Amino acid sequence: MKPKAASPALGLLWSVALAALLWIALALGKRYENQQLVSLKWDDELAAAWVTEDWPATAMYRIKSSGWNLLWLSLKNPQIHLSSTPNLGENAFIDLMDPSLKRQVFGAKVDLLSAQPDKISLLQPGVNSVKVPVQLRAEWLFKEGYGALSRAVLQPDSVQVQGPSVVLDTLQSWPSLPINAEDISQTITRSVDLQPGGALGIRTVPNKVNLSMEVDRFTEAVLSIPVSVPVATGLSTVPDRVDLHFRVALSQYGQISASDFRLEADLQHWEHSGSRWAELKMTRSPEALEVLHWYPQSVEVFYSHGY
């Protein structure tokens, strides 16, 4: 008696299942960015020898690795065991981006992109301390056609300063060492050393911060912007639209529209001047661009029909 042949439907089902498994295997083999929560376990000796504003129980890492590794880490519940190290007394902070911690927790096949917090400041017990913002001292000279998308960001933006009370009581901030950069055409990511305070008996924790500043190429653009006049006044202007010239980053060029701006006739000054003409003033514009000028700079104001 011949064995019964497998049905076409069953064969199709196996084919679909194998294709799905192959797709999953290929997808998990690719590299992805992900966030991973890591538990922090503090050594008793370390906690007894130092003080800090907070003993965080977790740190959030942004990592990049294969889907297989990310899946394993999500199931593993990774931990970092923090203890005293030979150079801790000099550094007075724990760097959660340190390569040795990376090897301990993530292994060699995972790239660390960032951590929050990235550093934990440790202070000596019984020493006067105050937390102040970092004052960035920098001069930027951009390559022609380039500029900053936003202000430079410091991480951390504040540091602990230890030293005599007579000095700490006068501090409003603590400066970085001067930075001078020229011909800038790319986003800046670097560490910045803080001003040494040894002559004053001052110590900063940490003694350097991370700086990032997005840079992009800029272009000039023109938009026709309506002149805003309160409807209740019964006033109109000639012209009722003006040409606005501005510089904008190429990455944001297509996102800017006339509705992002508000150009108003200065009616308060117009009423007291006795003139038919009112100056225009910009009351709203996106931060990520530079308004150059508009034309005309003033408009004729008159009462609409029926008022």
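Residues numbered from 1 in each chain as written. Predicted model: local features only at pLDDT ≥ 70, side-chain atom pairs only at ≥ 80, totals over all residues. Heavy atoms only, no water.

J.: I would appreciate a short explanation of the pattern of salt bridges in the present structure.
T.: Close approach of charged atoms allows side chains of opposite charge to pair. One pass over the structure, following the stated rule, counts six salt bridges. Close ionic contact of R31 with D111 constitutes a salt bridge, the shortest N to O distance being 2.6 Å. Of the two residues, R31 is situated in strand 1 (residues 31-42) and D111 in strand 5 (residues 111-116); the sequence distance between them amounts to 80 residues. Residue classification places R31 among the partly exposed positions, given a relative accessible area of 42%. A salt bridge links K208 to D193; the nearest nitrogen and oxygen atoms lie 3.6 Å apart. Here the residue K208 occupies a position in strand 16 (residues 208-213), and D193 occupies one in strand 14 (residues 188-193), the gap between them amounting to 15 residues. (Salt bridge = Lys/Arg side-chain N within 4 Å of Asp/Glu carboxyl O. Helix = DSSP H or I, 4+ residues; strand = E, 2+ residues; numbered from the N terminus. Buried < 20%, exposed > 50% of the residue type's maximum accessible area, 1.4 Å probe, protein only.)

J.: Any chance you could explain the packing of aromatic side chains here in plain terms?
T.: The description of an aromatic ring pair uses the distance of the two centres, along with the angle that the planes make with each other. Tallied over the entire structure, the rule returns two aromatic pairs. Measuring from ring centre to ring centre gives 5.2 Å for Y61 and F106, while their planes differ by 70°; the resulting arrangement is edge-to-face. Of this pair, Y61 sits in strand 2 (residues 58-66) while F106 sits in the loop between helix 5 (99-105) and strand 5; the two residues are 45 residues apart in sequence, bridging distant segments of the chain. The exposure classification of Y61 matches that of F106, with both residues buried. Centre to centre, the rings of F246 and F261 are 5.4 Å apart; their planes meet at 40°, and the pair counts as tilted. With F246 in strand 19 (residues 241-249) and F261 in the loop between strand 19 and strand 20 (262-265), this pair connects stretches of sequence that are 15 residues apart. The residues F246 and F261 share a single accessibility class, namely buried. (Phe/Tyr/Trp six-rings, centres within 6.5 Å; stacked < 30°, edge-to-face > 60°.)

J.: In this structure, what is going on with helix 3 (residues 67-76)? I would like to understand it.
T.: Residues spaced three or four apart along an α-helix point in a common direction, a consequence of the helix completing one turn every 3.6 residues. Along helix 3, the positions that sit buried rather than exposed are G67, L70 and L73. Seen along its axis, helix 3 keeps its buried residues to an arc of 125°; they face one direction. Away from its buried face by more than 90 degrees, helix 3 exposes W72 and L75. Tucked into the core, helix 3 has its buried residues touching helix 1 (8-29), strand 1, strand 2 and helix 5. (Arc of directions from axis to C-beta. Contact = heavy atoms within 4.5 Å.)

J.: Hey, could you run me through the sheet that holds strand 5 in this one?
T.: In a beta sheet, neighbouring strands are held together by backbone hydrogen bonds and run either parallel or antiparallel to one another. Read across the open sheet, the four strands follow the order 3-1-2-5; overall the sheet is mixed. Because the sheet does not close on itself, it has two edges, and the strands there are strand 3 (79-82) and strand 5. Neighbour-to-neighbour, the strand axes of the sheet open up by a mean angle of 30°, direction not taken into account. Against the sheet, helix 3 engages strand 1 and strand 2, with an angle of about 155° to strand 2. (Pairing = 2+ DSSP bridges. Axes fitted to C-alpha atoms, helices over the stretch in contact; angles between N-to-C directions.)

J.: Help me out: how do you make sense of the nonpolar core in this one?
T.: Soluble, globular proteins show a tendency: their nonpolar side chains are buried together. In terms of nonpolar packing, the biggest core is built from 22 residues, with Y61, L82, L96 and F106 touching the most fellow members. Secondary structure elements with two or more residues in this core: strand 1, strand 2, helix 3, strand 3, helix 5 and strand 5. Excluding residues that lie within four positions of it along the chain, Y61 makes contacts with N34, Q35, Q36, V38, I80, L96, M97, F106, L112, S114 and A115. (Core = buried A, V, L, I, M, F, W, Y, C linked by side-chain atoms within 4.5 Å.)

J.: Sorry, what's going on with the sheet that holds strand 14 here?
T.: Taken in spatial order, the three strands of this open sheet run 10-16-14, and their pairing is antiparallel. Looking at which strands have only one partner, the edges of the open sheet turn out to be strand 10 (153-155) and strand 14. Looking at each pair of strands side by side, their axes are set apart by 30° on average, direction ignored. Two strands pair when backbone bridges link them, and strand 14 and strand 16 are joined in this way by six bridges, in the antiparallel orientation. Of the residues in strand 16, the one forming a bridge with S191 is N210.

J.: Honestly, unusual backbone geometry in this entry has me stumped. Any pointers?
T.: Leave glycine aside and you will find that most residues have negative phi; peptide bonds, for their part, are mostly trans. Going from Q116 to P117, the amide bond is cis rather than trans, its omega being 0°. Position of P117 among the secondary structure elements: in the loop between strand 5 and strand 6 (119-121). P296 follows Y295 through a cis peptide bond whose omega is -5°. With respect to the helices, strands and loops of the structure, P296 is situated in the loop between strand 22 (289-295) and strand 23 (298-303). A positive phi is found at N77, a non-glycine position, where the angle reads about 55°. In this structure, N77 sits in the loop between helix 3 and strand 3.

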